[in-house]
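The residues making up each chain are set out below.
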Amino acid sequence: MKKEDVQNVASTPVNSPIYPLTEIYFRDREYLNIVYETDKEALEKVVPEPLKVIDNKIKFEIISMPDATGLGSYMEAGQVIPVEYNGEQGEFYLSMYVDNQAAIASGREISAFPKKSGEPNLYVDNDVIVGTLDYRSLRVAQATMGYDYYKMEDQEAIDAITQPQFMLKQFRDYDTTLIKNELTRSQITDIHLKRAYRSPARLQLFEHVMAPLADFPVRKIVDAQHIIADLSLGQPEPIYDYLKDE
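Residues numbered from 1 in each chain as written. Predicted model: local features only at pLDDT ≥ 70, side-chain atom pairs only at ≥ 80, totals over all residues. Heavy atoms only, no water.

Draft legend 1. The arrangement of the overall build of the chain in detail. Of the regular secondary structure elements, the chain holds 4 helices and 16 strands. Relative to its length of 246 residues, the chain is compact, with a C-alpha radius of gyration of 18 Å against a globular reference of 18 Å. If you line up the chain on its principal axes, its C-alpha atoms span 60 × 40 × 40 Å. The buried share of the chain, taken over its 246 residues, is 47%. If you take every contact in the chain between residues at least 6 apart in sequence, the share linking residues at least 24 apart comes to 65%. When the accessible surface of the chain is totalled, it reaches about 12900 Å², and 46% of it is carbon and sulfur. (Helix = DSSP H or I, 4+ residues; strand = E, 2+ residues; numbered from the N terminus. Rg over C-alpha atoms; globule rule 2.2 N^0.38 Å. Buried < 20%, exposed > 50% of the residue type's maximum accessible area, 1.4 Å probe, protein only. Contact = heavy atoms within 4.5 Å. Areas by Shrake-Rupley, 256 points an atom, 1.4 Å probe, with all protein chains shown as cover.)

Draft legend 2. Just the pattern of salt bridges, in detail. Per the counting criterion, the structure on display carries 15 salt bridges. Note that R139 and D134 form a salt bridge whose closest N and O atoms lie 2.3 Å from each other. Exposure remark for D134: the relative accessible area of 18% places this residue in the buried category. For D148, the salt bridge is made with R195, and the minimal N-O distance between the two is 2.4 Å. (Salt bridge = Lys/Arg side-chain N within 4 Å of Asp/Glu carboxyl O.)

Draft legend 3. Highlighting the pairing of strand 1 (residues 25–37). Relative to strand 15 (residues 220–232), strand 1 runs antiparallel, the two sharing 11 bridges. Considered in strand 15, the bridge of Y31 is made with I227. Where strand 1 meets strand 3 (residues 57–68), 10 bridges bridge the pair, whose relative direction is antiparallel. Counted as the bridge partner of I34 is F60 from strand 3. (Pairing = 2+ DSSP bridges.)

Draft legend 4. Representation of helix 3 (residues 101–109). Those residues of helix 3 that sit buried are A102, A103, I104, A105, S106 and G107. The elements touched by buried residues of helix 3 are strand 4 (72–85), strand 5 (88–98) and strand 6 (115–117). The opening residue of helix 3, the one whose side-chain oxygen lies 3.0 Å from the backbone nitrogen of A102, is N100. (Polar contact = N/O pair within 3.5 Å; in protein donor to acceptor, adjacent residues only side chain to side chain.)

Draft legend 5. How the structure looks around the sheet that holds strand 9 (residues 138–146). Overall, antiparallel pairing links the 4 strands, which are arranged 7-8-9-14 in an open sheet. Where the open sheet ends on each side, the last strands, each with one partner, are strand 7 (119–125) and strand 14 (201–205). Here the average twist between neighbouring strands, direction ignored, is 10°. One ladder, built from 5 bridges, connects strand 9 with strand 14; its direction is antiparallel. Within the sheet, the bridge partner assigned to Q142 lies in strand 14 and is Q204. (Axes fitted to C-alpha atoms, helices over the stretch in contact; angles between N-to-C directions.)

Draft legend 6. Geometry of the packing of aromatic side chains. Scanning the model with the defined rule gives 5 aromatic pairs in all. Judged by centre distance (6.0 Å) and plane angle (55°), the rings of Y85 and F166 are tilted. In this pair, Y85 is assigned in strand 4 and F166 in strand 11 (residues 165–172), connecting sequence segments 81 residues apart. The pair formed by Y85 and F166 is uniform in burial state, with each residue classed as buried. Between the aromatic rings of Y149 and Y150, the centroid separation amounts to 5.8 Å while the plane-to-plane angle is 80°, which identifies the pairing as edge-to-face. On the basis of relative accessibility, which here comes to 46%, the residue Y149 falls in the partly exposed class. When the ring centre of F113 is taken as reference, the NZ or CZ atom of K115 above it lies at 5.4 Å. (Phe/Tyr/Trp six-rings, centres within 6.5 Å; stacked < 30°, edge-to-face > 60°. Lys NZ or Arg CZ within 6 Å of the ring centre and 35° of its normal.)

Draft legend 7. Looking closely at the nonpolar core. Among the nonpolar cores identified, the biggest contains 37 residues, and L51, F60 and L213 are the most heavily contacted of them. The biggest single contributor to this core is strand 4, with 5 residues. Listed in part, the 29 residues of the second largest apolar core include A68, I104, I161 and I227. (Core = buried A, V, L, I, M, F, W, Y, C linked by side-chain atoms within 4.5 Å.)

Draft legend 8. Layout of unusual backbone geometry. That bond from T12 to P13 is cis: its omega, -5°, falls within 30 degrees of zero. Looking at the secondary structure, you find P13 in the loop between helix 1 (3–6) and strand 1. Of note, the amide linkage connecting E49 to P50 takes the cis form, showing an omega dihedral of 10°. With respect to the helices, strands and loops of the structure, P50 is situated in the loop between helix 2 (40–46) and strand 2 (52–53). Despite not being glycine, R136 shows a phi value in the positive range, around 55°. R136 gets classed as exposed once you look at its relative accessible area, which sits at 51%.

Below is the structure:
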């Protein structure tokens, strides 16, 4: 391989890149969102400044992506926390557990998504939508939601899944020194909503040291949403540099 060709390699391995350099478009992206009240003190311990926790709520989400350009079909699950940055409200992405290695690698290397390996699942069981997250052999989360009871207003549903996304982007040098440590912002803007409902729901979280979702206990479920849409993700942009800003 010539030196000038190296820059055209999408990712390593050079003869079998783990992901392509292509614009990813999601068709029939399906969300199960459960918003619940938890302990605000626990949220404040994991949300980095200058983000501010605005209340005691957190969202558990499972997303099924059956048709993602360049990545195929996969699922992810995790927790996001409502926050505020310079007067703008959005969500801090705390964790994402994903069953697709290309999505994990590209999400971490190109964007700033906090992805790690996990086994989420989303399916319909009779009159119930079921969402689960396993970390290898152990169950760490299980959600059940009535199947599409009450239709959401279109704009309300769009707003629910297009909140500004705040995430940490980190790179370390060979000696483990931080060479990039930024807060980023992205937002979904290209969206075609297909359906959106809310229903009663339940959520169980189970203790696990490597998937600590249960650190944020379920005090009260305040909303549960089932949303399907076509969309593309917005490009992250740095908004705060921890190595330079004070």
